[in-house]
Amino acid sequence: MLQPPHSSLQVAAVPAQRVPVRDRDQDAPWHTEAVCRRDEAGLFFAPSKEPTAARLSREEAAKRVCARCPVMVECREHALLQPEPYGVWGGLTAAERRVVLARRRRREMELKKAARAAAANRIAQAG
């Protein structure tokens, strides 16, 4: 039976303290504090032809690393704004990021529609 990659990965049970952004060195890029800089990059990116069970196991291990990272939010926003098409970033897989982006687009469209309706209502009431 094939063992998923990184099955022996030991992740600290106690999450790291999150440092508020304003308390960090503002001149240093956010990624200098990323926990993943100390971990194997292969944990965050799929090898070619990776079996589904191995991929799910690897992604869960990567998400555990992300969960204890002090810059997880910054990493996630970077991946959403770029957008990064591969790998686990900020605790989200590429598929999960696509869902977040679709929700954001839908919410933006709803807000624009509501703003247009409110403007039309104000015009109608003023007229």
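My aim in this report is to walk through the structure given alongside it, one point at a time. (Residues numbered from 1 in each chain as written. Predicted model: local features only at pLDDT ≥ 70, side-chain atom pairs only at ≥ 80, totals over all residues. Heavy atoms only, no water.)

**A look at unusual backbone geometry**
A cis amide bond, omega -20°, links Q82 with the succeeding residue P83. Summarising the element assignment, P83 is placed in the loop between α2 (72-81) and α3 (94-126). (Helix = DSSP H or I, 4+ residues; strand = E, 2+ residues; numbered from the N terminus.)

**Remarks on α3**
For α3, with 33 residues, the first-to-last C-alpha span of 48 Å sits near the 48 Å given by 1.5 Å per residue. Within the sequence span of α3, burial applies to A94, R97 and L101. In this fold, the buried residues of α3 make contact with α2. (Expected span 1.5 Å × (residues − 1). Buried < 20%, exposed > 50% of the residue type's maximum accessible area, 1.4 Å probe, protein only. Contact = heavy atoms within 4.5 Å.)

**Things to note about the layout of surface pockets**
Remark: the empty space left among the atoms is shown by a probe the size of a water molecule rolled over them. Here the largest pocket defines a volume of roughly 260 Å³. If you go around the largest pocket, you meet 17 residues; those closest to its centre are C36, F44, C75, V88 and W89. Here the lining of the largest pocket is built from residues that sort into 14 nonpolar, 2 polar and 1 charged. Quantified by volume, the second largest pocket comes out at close to 180 Å³. (1 Å grid on protein atoms, 1.4 Å probe; cavity = no way out; pocket = protein on both sides within 12 Å on 5 of 7 lines; lining within 4 Å. Points joined across faces, edges and corners; volume = space filled by probe spheres on them. Nonpolar A, V, L, I, M, F, W, Y, C, P; charged D, E, K, R; others polar.)

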